Amino acid sequence: MWLTRCRVRNLRILAEVDFDPAPRINLVLGPNASGKTSLLEALYLLGRGRALRRGGGDRLVREGCDRLLVTAEIIGPEKRRTPVGIERGPDGLTMRLGGRTLRSSLELSRSLPLQYIHPDLHQLVQSGPGLRRQFLDRGVFHVEPDFLETWRRGQRALRQRNAALKAGQPLGSWNHELVRHGERLDTFRDVYLQRLRPWLRQHAGELLGREDVDVAYRRGWPRDQGLAEALQEGEAVDRRLGFTGRGAHRCDFSLTLGGAPIRDRVSRGQQKLLLCALQLAQARLQRERTGNAGLLLVDDLPAELDATHRKRLLGLLEALETQVFITATDEALVRDAPEGAVMFHVEQGRIG
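Remember, predicted model here, so these are calculated numbers, not experimental data.

(A) Quick look at the overall build of the protein. Assigned secondary structure in the protein consists of 12 helices and 15 strands. Here the C-alpha atoms of the protein give a radius of gyration of 22 Å, agreeing with the 20 Å that 2.2 N^0.38 yields for 352 residues. The principal-axis extent of the C-alpha atoms belonging to the protein is close to 65 × 50 × 40 Å. Residues classed as buried in the protein amount to 53% of the 352 residues present. In the protein, the proportion of contacts linking residues at least 24 apart, taken out of those at least 6 apart, comes to 69%. Within the protein, one finds 56 positive and 44 negative side-chain charges whose respective centroids are separated by 4 Å.

Put into structure tokens, the structure is as follows:
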């Protein structure tokens, strides 16, 4: 799967951009503030239906314009072409796929799965569990067909239980629903991380020469209890606080190196390499389970990486045999680029 015939109109600094990317490695070079990240954001919009940065949607439309448009064609199995497009204007956001207007961005995500490697990737380690949970669930979503419906039902049960807690009402039926869907979510996540672990260790070994990396998963309630028991035990505290303190909605994971969390023992550059290994592992597992690794968007590849590690990462990106977009300011990157990579220059919002 890859994108072709990409058109961008009035997105941030980009006024009018048309380009045909290669099905494998695409290098996007240019000075700072030239529009490189905006180009990645246009592709991100097609796969996620939202801006790269939270709260950045209102500033997506180019200054002085009232509407943005991003369109492309997805080349799928047997080279079948599917048009995809995003339009944002005064009347809101419109998403189209295969000639249909979509009601949910999740349909975009299924059709155009993507990974985004960026300079702030370390936030996945440094931030709270919400970001990690979102990362994990997006991975499971792409390989487990029943995950989304289970997650939705679990969220509904959680909202209803919290409402019952605040109203002082009985919890029996909502406890049953929360246990039913929460334990299933836990199984999906646990199995997913078990399958991810070998790929993570392989890529960590290739990037850092270390294979003693692991994923520590915390499911959101004590390991020695079932969820029903945990909910019953915590009911008094939940009623006092007005929300559910245990369950699948509290899950988290961490990366460890040599048995210790990477947050405590590695440099920012090493963190970035390990998190790159994690995202490459996610793409590998997705290919293994679905036949499609999806797009990879890599913003500012050389940041905090020396030439040796940059070259290793480029080699792994090439080995994925999927479409990759890489931005950089330094043309020295071209010397390390795989043979056959296509280069685009961006300057002042124009591409050449």
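(B) Seen up close, the confidence of the model for the protein. When pLDDT is averaged along the protein, the result is 92; 98% of the residues meet or exceed 70. When pLDDT is averaged over each element of the protein, helix 5 (residues 147-167) comes out on top at 97 and helix 12 (residues 333-336) at the bottom at 72.

(C) Region of the structure containing the packing of helix 4 (residues 129-143) against helix 6 (residues 172-208). It is the contact of helix 4 with helix 6, at a shortest axis distance of 10 Å, that shows an interaxial angle of 85 degrees. Between helix 4 and helix 6, the angle is such that the two are roughly perpendicular. When helix 4 is examined against helix 6, the residues Arg133, Leu136, Asp137, Gly139, Val140 and Val143 are found in contact with a partner set consisting of Phe188, Arg189, Tyr192 and Leu193. Tallied by class, residues from the contact of helix 4 with helix 6 come to 6 nonpolar, 1 polar and 3 charged.

(D) View of the pattern of salt bridges. Taken as a whole and assessed by the stated rule, the structure comprises 22 salt bridges. Across the salt bridge formed by glutamate 41 and arginine 12, the nearest N and O atoms sit 2.5 Å from each other. In this pair, glutamate 41 sits in helix 1 (residues 36-48) while arginine 12 sits in the loop between strand 1 (2-11) and strand 2 (14-19), placing the two residues 29 residues apart along the sequence. Taken as a pair, glutamate 41 and arginine 12 share a single burial class, namely buried. With a shortest N-O distance of 3.6 Å, arginine 96 and glutamate 87 are connected by a salt bridge. Bridged by salt links that share partners, the residues Arg7, Arg9, Glu16 and Asp18 form one connected network.

(E) Layout of helix 11 (residues 307-319). Compared with the 18 Å implied by 1.5 Å per residue over 13 residues, the 18 Å span of helix 11 between its first and last C-alpha is a close match. When we look at burial in helix 11, the residues that qualify are His309, Arg310, Leu313, Leu314, Leu316 and Leu317. Projected onto a plane normal to the axis of helix 11, the buried residues spread over an arc of 160 degrees and lie on a single side.

(F) Summary view of unusual backbone geometry. In this structure, arginine 12 takes a positive phi of about 50 degrees despite not being glycine. Of note, glutamine 348 is a non-glycine position whose phi angle comes to about 55 degrees, a positive value.

(G) Spatial organisation of the sheet that holds strand 13 (residues 324-328). Reading across the sheet, the 6 strands line up as 8-12-13-3-14-15 and stay open at both edges, with mixed pairing between neighbours. One side of each edge strand has no neighbouring strand; the edge strands of this open sheet are strand 8 (114-117) and strand 15 (350-351). Looking at chain direction, strand 3 (residues 25-29) and strand 13 are connected through 5 bridges and run parallel. When the bridges of strand 13 are listed, isoleucine 25 appears paired with valine 324. Each of strand 3, strand 8, strand 12 (295-298), strand 13, strand 14 (342-347) and strand 15 touches helix 1; the most contacted strand, strand 8, lies at about 150 degrees to it.

(H) Structural detail: the sheet that holds strand 10 (residues 252-257). The strand order across the open sheet formed by 3 strands is 9-10-11, and the pairing between neighbours is antiparallel. Of all strands in the sheet, those with a lone pairing partner are strand 9 (213-218) and strand 11 (260-261), marking the two edges. In the packing of helix 4 onto the sheet, contacts are made with strand 9 and strand 10, and the angle to strand 10 comes to roughly 90 degrees. Its contacts with the sheet place helix 6 against strand 9 and strand 10, and it is angled at close to 165 degrees to strand 9.

(I) Main features of a nonpolar patch on the surface. A contiguous nonpolar surface patch, about 260 Å² in accessible area, is contributed by Val237, Leu241 and Phe243. Within the secondary structure layout, valine 237 lies in helix 8 (residues 235-241). Look at valine 237 and you get partly exposed, because its relative accessible area is 38%.

(J) View of the environment of cysteine 6. Mapped onto the fold, cysteine 6 is located in strand 1. Between the alpha carbons of cysteine 6 and glycine 85 there is a distance of 9.6 Å; along the sequence they are 79 residues apart. Other than its neighbours up to four places away in sequence, cysteine 6 contacts Val17, Asp18, Phe19, Asp20, Pro21, Leu43, Thr71 and Ala72.

(K) Broad picture of the pairing of strand 9. Residue alternation in strand 9 divides its side chains into a buried set, Val213, Val215 and Tyr217, and an unburied set, Asp214, Ala216 and Arg218. Taken together, the 6 bridges between strand 9 and strand 10 define a ladder with antiparallel strand orientation. The residue of strand 10 that forms the bridge with alanine 216 is serine 254.

(L) Structural detail: the packing of aromatic side chains. One pass over the full model with this rule turns up 4 aromatic pairs. With a centroid separation of 5.5 Å and an interplanar angle of 75 degrees, the aromatic rings of phenylalanine 19 and phenylalanine 344 are classed as edge-to-face. Taken as a pair, phenylalanine 19 in strand 2 and phenylalanine 344 in strand 14 lie far apart in primary sequence, 325 residues in all. One exposure class covers both phenylalanine 19 and phenylalanine 344, and it is buried.

The rules behind each value
Residues numbered from 1 in each chain as written. Predicted model: local features only at pLDDT ≥ 70, side-chain atom pairs only at ≥ 80, totals over all residues. Heavy atoms only, no water. Helix = DSSP H or I, 4+ residues; strand = E, 2+ residues; numbered from the N terminus. Rg over C-alpha atoms; globule rule 2.2 N^0.38 Å. Buried < 20%, exposed > 50% of the residue type's maximum accessible area, 1.4 Å probe, protein only. Contact = heavy atoms within 4.5 Å. Lys, Arg positive; Asp, Glu negative; His and termini not counted. Charge placed at Lys NZ, Arg CZ, Asp CG, Glu CD. pLDDT = per-residue confidence, 0-100. Axes fitted to C-alpha atoms, helices over the stretch in contact; angles between N-to-C directions. Parallel < 35°, antiparallel > 145°, perpendicular 65-115°, else oblique. Nonpolar A, V, L, I, M, F, W, Y, C, P; charged D, E, K, R; others polar. Salt bridge = Lys/Arg side-chain N within 4 Å of Asp/Glu carboxyl O. Expected span 1.5 Å × (residues − 1). Arc of directions from axis to C-beta. Pairing = 2+ DSSP bridges. Patch = residues over 30% accessible without salt bridge, like charges linked within 9 Å, V, L, I, M, F, W, Y side chains within 5 Å. Areas by Shrake-Rupley, 256 points an atom, 1.4 Å probe, with all protein chains shown as cover. Phe/Tyr/Trp six-rings, centres within 6.5 Å; stacked < 30°, edge-to-face > 60°.

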